[in-house]
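A look at the structure
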Amino acid sequence: MEREIHALKAELSDYLHQASGVYEVDLALENGLQLIGNIPNRFGAEIVQWRAGKLRDQDIIKSWIYWLCLCAKGDISQLSFYYREGQQAGRLTFCPIEAEQAGRLLQIFAQDYLCSFSQLKWALNQQISLYFKGIKVDEEATSVAEKCQKAIESSAAYNPYLIRVLQQMPEMDWNAVHETTVSWFKLMYDSQQLTEINME
């Protein structure tokens, strides 16, 4: 572990000796929605984040939301998330997204968030990469629904809240859950780039 931590610290050394700033987000979305907030760890024209542990789905999702905000505004060119995975250290980045497309995706997230106050909007948020790798382009809806249900129920084994939700909603529309997962995370999955850091 000491070796991997050293590699991570060496990769981040330039940033660790700098004072970081905050990137302010103020985006006007459709239907009068306004997205306002702050993204930490700004270093000039890039956002750099890290954790001394494995890369989790929640890290990827948060970084993806940040990246969409940056792409929608267009004045920050790079976002990196550094992590340690087993015997390796690595870096997560994303491919560039057109400002209009980034805005549309943020609109989907914002609208679905507001919708969730009155109607549950459900999507897979764990083992996302594994899930998409197992879905074929022309796969039948029944098969997709079965795989989605299996993935969600597998996640529930470690999530008491999810267990309660599944018990209260025995008639879950798994195709709808799959469609929401695709809407929220497919481009994220396609755009993410994982780079191994040389520890020599």
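All figures in this text were calculated on a predicted structure; none of them were measured in a lab.

1. A closer look at the sheet that holds strand E1 (residues 21-28)
Pairing is mixed across the open sheet formed by 6 strands, whose spatial order is E1-E2-E3-E4-E5-E6. The sheet is open, and its two edges are formed by E1 and strand E6 (192-197), each paired on a single side. Going from strand to strand, the sheet's axes swing by 35° on average, the running direction of each strand aside. Sheet analysis places E1 next to strand E2 (residues 34-43), joined by 7 bridges and oriented antiparallel. Within E2, the position partnered with aspartate 26 by the bridge is isoleucine 36.

2. Things to note about the pairing of strand E4 (residues 78-85)
Counting buried positions over the 8 residues of E4 gives 6, a clear majority of the element. Sheet topology places strand E3 (residues 46-50) next to E4; 5 bridges connect them, and they run parallel. Considered in E4, the bridge of valine 48 is made with serine 80. In the classification by handedness, the crossover that spans E3, the intervening helix H2 (residues 57-73) and the parallel E4 is right-handed. As paired elements, E4 and strand E5 (residues 88-94) share 5 bridges and run antiparallel to each other. Within the sheet, the bridge partner assigned to tyrosine 83 lies in E5 and is glycine 90.

3. Remarks on the packing of helix H5 (residues 141-156) against helix H6 (residues 160-168)
For the pair H5 and H6, interaxial distance at closest approach is 8 Å and the crossing angle is 130°. If you check the angle between H5 and H6, you find them oblique. Residues Ile152, Glu153, Ser155 and Ala156 of H5 touch H6, and the partners they reach there are Leu162, Ile163 and Leu166. In the contact of H5 with H6, the residues fall into 5 nonpolar, 1 polar and 1 charged.

Thresholds, definitions, all that
- Residues numbered from 1 in each chain as written.
- Predicted model: local features only at pLDDT ≥ 70, side-chain atom pairs only at ≥ 80, totals over all residues.
- Heavy atoms only, no water.
- Pairing = 2+ DSSP bridges.
- Helix = DSSP H or I, 4+ residues; strand = E, 2+ residues; numbered from the N terminus.
- Axes fitted to C-alpha atoms, helices over the stretch in contact; angles between N-to-C directions.
- Buried < 20%, exposed > 50% of the residue type's maximum accessible area, 1.4 Å probe, protein only.
- Right-handed = clockwise from strand over helix to strand, strands pointing away.
- Parallel < 35°, antiparallel > 145°, perpendicular 65-115°, else oblique.
- Contact = heavy atoms within 4.5 Å.
- Nonpolar A, V, L, I, M, F, W, Y, C, P; charged D, E, K, R; others polar.

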